[in-house]
Amino acid sequence: MSQQSHYRICPLCEACCGLEIRSEGQRVLSIRGAENDVFSTGFICPKGISLKDLHEDPDRLRQPLIKRAGKFVPASWDEAFEEVERRLLPILREQGPDAVAACIGNPAAHKIGLLAYFPKLARALGTRNIFSASTLDQMPKQLSSGLMYGHWLSIAVPDLPRSDLLIILGANPLVSNGSLWTVPDYRGKARAMRERGGRIIVIDPRKTETAHAADEHLPIRPGGDVFLLLGMVHTLFDEGLVRLKHLAGHVKGLETLREAVLAYPPERMASGCAIPAETQRRLARELAATERASLYARIGSCTQRFGTLNSWLVDVINILTGHLDAIGGAMFPKAAAFAANTQGRPGVGKGISTGRRRSRVSQAPEVFGELPISCLAEEIETPGPGQVRALIAIASNPVLSAPNGPRIARALDSLDFMLSLDIYLNETSRHADVILPGLSPLEELHYDLAFPQLSWRNQARYSGPVFDKPAGQPEEWQTLLRLAALLEGRDWRGDVNALDDEAIASDLQVRMAEQAGAVLAALAPLRGPERLLDLALRSGPYGDQFGRRPEGLNLAKVKAAAAGIDLGELQPRIPELLRTPSGQIELAPQQLLDDLPAVDAALALPLPAMSLIGRRDMRSGNSWMHNLPVLAKGPVRCTLLVHPDDAAGLGLREGGRACVSTAQGELSVEVGLSADLMRGVLSLPHGWGHDLPGVQLALARQRPGANLNALLDDRARDPLSGNSVLSGVAVSVRPL
Ligand SMILES: Nc1nc2c(c(=O)[nH]1)N[C@H]1C(S)=C(S)[C@@H](COP(=O)(O)OP(=O)(O)OC[C@H]3O[C@@H](n4cnc5c(=O)[nH]c(N)nc54)[C@H](O)[C@@H]3O)O[C@H]1N2
Ligand SMILES: Nc1nc2c(c(=O)[nH]1)N[C@H]1C(S)=C(S)[C@@H](COP(=O)(O)OP(=O)(O)OC[C@H]3O[C@@H](n4cnc5c(=O)[nH]c(N)nc54)[C@H](O)[C@@H]3O)O[C@H]1N2
Ligand code: SF4
Ligand SMILES: [Mo]
């Protein structure tokens with residue numbers, strides 16, 4: 001059998017590295033970084049290598065499962081769909097659309113089939129109960145960006161290669177490989193930047209790997225970011241450092257903002273963030289005085305009570321110092337396909353709205369079409385009209401990934417029906433009545449829908465499947481289309497391509513009326529995600545416009561480029577990118593100003609003696625990669641890190657066990673000592689706790705770890721974005 005080499009984009013994190021995979025027959029021989037990749041130029045991390053293990057994992061599901069008398073039995077696809085039809089349709093028909101919830105998780109962001117076809121399923125359901133991992137993650141940033149620039153995904157990223165100063169708040173890209181910033185090989189880029197005289201400052205309760213590779217680390221009290229950021233904005237006005245530069249004329253609300261922050265001088269903010277006033281002022285001055293600089297914040301700043309205010313203030317600081325949309329500052333990528341901020345009329349738009357619906361129990365407002373995932377359990381548990389009685393979970397593991405996981409597990413058990421689209425029988429899918437598996441990533445084509453909108457450099461890259469998919473196994477977009485048809489009471493048994501033809505024809509009819517027929521003809525004979533991709537590329541900002549710009553992009557050209565097409569460095573995009581009704585950057589949205597009084601109230605609260613923060617590890621990916629040998633080897637990773645001085649006071653020792661508890665629950669975990677932590681702060685990673693009954697993850701089960709989210713309160717939310725509070729939570733700890 002001859003060996004083959006394939007180019008494949010890694011779907012396991014936001015860095016989107018290009019990989020070179022060598023295979024023989026159906027076997028993977030080796031996986032390495034693709035050196036010819038125009039975007040990632042050979043970078044790879046251990047997770048990329050684990051794609052071989054994932055492909056071969058005996059626990060990965062390859063056939064639908066139906067639960068019969070409490071036990072899962074293998075079933076054919078038709079049997080599985082019949083079961084869904086028999087059990088789910090009556091709930092929908094008799095109790096109405098809101099009785100069926102849908103919950104979509106992180107891997108969907110990396111899968112064009114799931115991301116592009118989920119809206120069709122959601123539409124077929126018609127439920128208000130749509131949940132996703134976004135409210136455990138980046139919803140605050142999406143909301144602040146939507147309010148300021150008019151679209152949820154207009155998010156600026158650091159232009160690191162051309163920057164002289166980068167301040168990082170609550171992110172650890174050296175381990176996470178970047179988030180809301182697609183930046184393979186952060187380490188190499190940071191090193192190059194520092195070697196030419198640039199500086200990196202990291203603000204984090206833990207001296208992280210990123211902080212160790214920076215020029216300065218400033219510890220911050222967990223949850224204290226809003227105080228620091230307000231102190232910095234105050235300083236910019238107070239010391240006359242505001243320079244809008246190229247943004248002058250594109251900004252609305254400067255005076256309102258100035259007045260709103262008057263009450264927050266750094267001297268008053270210092271106790272809240274544990275960063276001295278003089279340091280807050282220095283940070284503001286350094287940003288103002290450096291020509292090419294930016295402030296970048298990520299999940300540590302979002303998973304807080306003031307996540308949306310933090311996300312807003314970060315952009316405010318970049319704007320007031322003239323660094324937003326400036327070379328070397330925080331810039332907006334321009335994706336080749338699917339970016340809403342490249343569609344419609346440039347410079348003005350409808351803006352965004354929130355709260356078009358509210359959740360039934362907590363009255364939490366809808367944000368970006370969804371409700372906070374922390375409302376899922378109460379919507380299932382609370383009787384009354386509109387009670388959730390069935391759930392469709394797609395690539396989503398809330399039992400481990402959402403706060404108060406044990407409550408979610410109990411709630412799932414009480415459902416009348418649950419369907420999981422998942423590749424494992426794990427902590428969440430074990431509650432399902434039917435599990436429909438996806439493919440191995442190596443059996444799927446790949447084009448990133450979301451991440452080119454967040455990339456350090458503009459690019460378009462496609463990779464085809466490495467292996468043929470097993471006979472009879474559908475692609476996930478096909479499963480979603482069939483489910484949508486089933487829910488609409490239509491024939492789901494027929495040709496799935498006919499369903500797809502129908503779906504795209506009606507979408508095109510809405511979008512382009514009289515041209516629809518011609519465009520559809522031009523896209524033939526493509527099907528599924530590839531057809532959507534060709535349409536998006538051709539009508540996108542670099543596209544061939546269906547022949548009107550022959551030198552432009554189309555799918556055939558992107559496919560033909562061996563390892564991607566480079567579309568160059570990031571370019572300034574304001575005002576073209578704006579989609580606000582005013583056509584301006586909204587610097588002081590009322591919704592955000594209205595939350596400021598709560599900051600004053602929070603400043604008056606007593607500080608917890610011990611608070612808990614999260615942590616990510618290079619050989620882990622949220623809740624589901626602990627079954628892969630290449631990642632599972634080595635030291636125990638689910639450890640509670642404690643500062644040695646705190647450990648001495650608490651009677652904890654390295655390698656011993658501790659009981660960590662909150663009002664929600666308690667956990668027994670292994671202790672590790674680390675002087676990198678701030679005093680009074682403990683750190684535990686999320687995504688562990690694989691020892692639950694019924695979980696079919698043989699390797700992960702050997703070292704299951706404990707579920708951090710069993711300690712967290714599902715009622716703790718940022719009320720604006722609905723994002724959960726996952727960090728800075730008060731805990732008690734004692735030796736076991
Ligand atoms: N305490 C705390 N909790 C957190 C976080 C934190 O920092 N602290 N981080 C949060 C963040 S940022 C996120 S994004 C969420 C993630 O939480 P989730 O959205 O739940 O995502 P994962 O934990 O990655 O679980 C992914 C699920 O998808 C399945 N899966 C994997 N690949 C595929 C596929 O190709 N097809 C299908 N159908 N299924 C697949 C896996 O088996 C698993 O069940 O966790 C959040 N939870
Ligand atoms: N190896 C690996 N990579 C991953 C993932 C993974 O699980 N493992 N998950 C992926 C996902 S889904 C996401 S969303 C991204 C996230 O990417 P990042 O945002 O880079 O994620 P973290 O490493 O959790 O970094 C968050 C940092 O915030 C700090 N922090 C905690 N609380 C606070 C606070 O109150 N204030 C401040 N300023 N900092 C605080 C933490 O100490 C931590 O260093 O990573 C992705 N990449
Ligand atoms: S950094 Fe992310 S995209 Fe790159 S190989 Fe690792 S997991 Fe895959
Ligand atoms: Mo995430």
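Under the annotation held in an unreviewed UniProt entry, the protein carries the name Anaerobic selenocysteine-containing dehydrogenase and is attributed to Roseateles oligotrophus. You can read under Sequence similarities (unreviewed entry) in the UniProt record for the protein the words "Belongs to the prokaryotic molybdopterin-containing oxidoreductase family."

A. Region of interest: the packing of aromatic side chains. Under the defined criterion, the tally for this structure stands at 9 aromatic pairs. By way of ring pairs, the aromatic residues Trp-77, Phe-81 and Trp-492 are connected into one cluster. In this structure, Lys-120 is placed above the aromatic ring of Tyr-117, and the distance from its NZ or CZ to the ring centre is 5.5 Å. For Lys-189, the ring lying beneath its charged end belongs to Trp-456, and the centroid distance is 4.5 Å.

B. Examining the pattern of salt bridges more closely. Inspection of every chain in the model, using the stated rule, returns 52 salt bridges. One salt bridge in this structure joins Asp-238 and Arg-281, with 3.1 Å as the shortest N-O distance. Taken together, the residues Asp-238 in helix H9 (residues 225-238) and Arg-281 in helix H12 (residues 277-289) connect sequence positions 43 residues apart. A relative accessible area of 48% places Asp-238 in the partly exposed class. For Arg-281, a relative accessible area of 10% puts it in the buried group. We note a salt bridge from Asp-617 to Arg-637, for which the minimum N-O separation is 3.1 Å. Of this pair, Asp-617 sits in the loop between strand E21 (611-613) and helix H25 (629-632) while Arg-637 sits in the loop between H25 and strand E22 (639-642), placing them 20 residues apart in sequence. Relative accessible area serves as the criterion here: at 28%, Asp-617 is assigned to the partly exposed category. One continuous salt-bridge network, built from bridges that share partners, spans Asp-238, Glu-239, Glu-267, Glu-278, Arg-281 and Arg-285.

C. Structural detail: the pairing of strand E24 (residues 666-673). Pairing of E22 with E24, which is carried by 4 bridges, proceeds in the parallel orientation. Each bridged residue has a counterpart across the sheet, and for Thr-639 the counterpart in E24 is Glu-670. As paired strands, strand E23 (residues 657-661) and E24 are joined by 5 bridges and run antiparallel to one another. Paired with Arg-657 across the strands is Glu-670, a residue of E24. Taken together, E23 and the strand that follows it, E24, pair antiparallel across an intervening segment of 4 residues.

D. Representation of the site of ligand 3 within the structure. Surrounding ligand 3, one finds Cys-10, Leu-12, Cys-13, Ala-15, Cys-16, Cys-17, Phe-43, Ile-44, Cys-45, Lys-47, Gly-48 and Asn-177. Considered class by class, the residues forming the shell around ligand 3 number 9 nonpolar, 2 polar and 1 charged.

E. Up close: the site of ligand 1. Taken together, 27 residues are adjacent to ligand 1, and Asn-397, Ser-401, Asp-422, Asn-426 and Ser-623 come closest. In this structure, Lys-111 approaches ligand 1 through a side-chain N or O atom, which is 2.9 Å from an oxygen atom. Measuring from a nitrogen atom of ligand 1, one finds a backbone N or O atom of Leu-421 at 3.0 Å. The protein chains hide 97% of the 920 Å² of surface that ligand 1 would expose on its own. Partitioned by chemical class, the residues of the shell around ligand 1 number 12 nonpolar, 10 polar and 5 charged.

F. Geometry of the nonpolar core. Formed by 70 residues in total, the largest nonpolar core has its most connected members in Ile-392, Ile-394, Leu-419, Leu-436 and Tyr-447. Look past the residues within four positions of Leu-419 in its chain and what remains in contact with it is Val-84, Leu-391, Ile-392, Ala-393, Ala-432, Val-434, Leu-436 and Leu-483. By size, the runner-up hydrophobic cluster in this structure holds 66 residues, among which are Leu-228, Met-232, Leu-247 and Leu-313.

G. Quick peek at helix H20 (residues 516-523). Residues of H20 that are buried include every one of Ala-516, Val-519 and Leu-523, and no others. Buried residues in H20, looked at end-on, bunch into an arc of 70°, giving them a common side. Facing away from the buried surface of H20 by more than 90 degrees, the exposed residues are Ala-518 and Ala-521. For H20, the elements touching its buried residues are helix H19 (496-512) and helix H21 (528-539).

H. Region of the structure containing the state of the cysteines. The final tally for this structure, using the stated rule, is 0 disulfides. Free of any disulfide, Cys-302 has its nearest cysteine sulfur in Cys-13, 17 Å distant.

I. Broad picture of the UniProt feature "domain: 4Fe-4S Mo/W bis-MGD-type" (unreviewed entry) in the protein. When the UniProt feature table is mapped onto this chain, "domain: 4Fe-4S Mo/W bis-MGD-type" (unreviewed entry) is found at residues 3-59. Regarding residues 3-59, the helix share stands at 18% and the strand share at 37%, and the terminal C-alpha atoms are separated by 27 Å.

J. Seen up close, H21. Taking 1.5 Å of rise per residue, the 12 residues of H21 would be expected to cover 16 Å, and the 17 Å separating its terminal C-alpha atoms lies within 8% of that figure. Buried residues dominate H21, accounting for 11 of its 12 residues. Along H21, the residues classified as buried are Gly-528, Pro-529, Glu-530, Arg-531, Leu-532, Leu-533, Asp-534, Leu-535, Ala-536, Leu-537 and Arg-538. Lining the buried residues of H21 we find helix H4 (112-125), helix H18 (476-487), H19, H20 and helix H22 (555-560).

K. Broad picture of the sheet that holds strand E10 (residues 199-203). Spatially, 4 strands are ordered E11-E10-E9-E13 in an open sheet, and the strand pairing comes out parallel. Only two strands of the sheet have a single neighbouring strand rather than two, namely strand E11 (216-218) and strand E13 (293-297). This sheet shows a mean twist of 15° between the axes of neighbouring strands, independent of strand direction. Examined bridge by bridge, strand E9 (residues 165-169) and E13 share 5 bridges and lie parallel to one another. From the neighbouring strand, Ile-168 faces E13, where its bridge partner is Tyr-296. Each of E9 and E10 touches helix H7 (residues 186-195); the most contacted strand, E10, lies at about 125° to it.

Rules used in this analysis
- Residues numbered from 1 in each chain as written.
- Chains lettered and ligands numbered in written order.
- Predicted model: local features only at pLDDT ≥ 70, side-chain atom pairs only at ≥ 80, totals over all residues.
- Heavy atoms only, no water.
- UniProt positions renumbered as here; feature names shortened; annotations may be inferred.
- Phe/Tyr/Trp six-rings, centres within 6.5 Å; stacked < 30°, edge-to-face > 60°.
- Lys NZ or Arg CZ within 6 Å of the ring centre and 35° of its normal.
- Salt bridge = Lys/Arg side-chain N within 4 Å of Asp/Glu carboxyl O.
- Helix = DSSP H or I, 4+ residues; strand = E, 2+ residues; numbered from the N terminus.
- Buried < 20%, exposed > 50% of the residue type's maximum accessible area, 1.4 Å probe, protein only.
- Pairing = 2+ DSSP bridges.
- Near = heavy atom within 4 Å.
- Nonpolar A, V, L, I, M, F, W, Y, C, P; charged D, E, K, R; others polar.
- Polar contact = N/O pair within 3.5 Å; in protein donor to acceptor, adjacent residues only side chain to side chain.
- Areas by Shrake-Rupley, 256 points an atom, 1.4 Å probe, with all protein chains shown as cover.
- Core = buried A, V, L, I, M, F, W, Y, C linked by side-chain atoms within 4.5 Å.
- Contact = heavy atoms within 4.5 Å.
- Arc of directions from axis to C-beta.
- Disulfide = S-S within 2.5 Å.
- Expected span 1.5 Å × (residues − 1).
- Axes fitted to C-alpha atoms, helices over the stretch in contact; angles between N-to-C directions.

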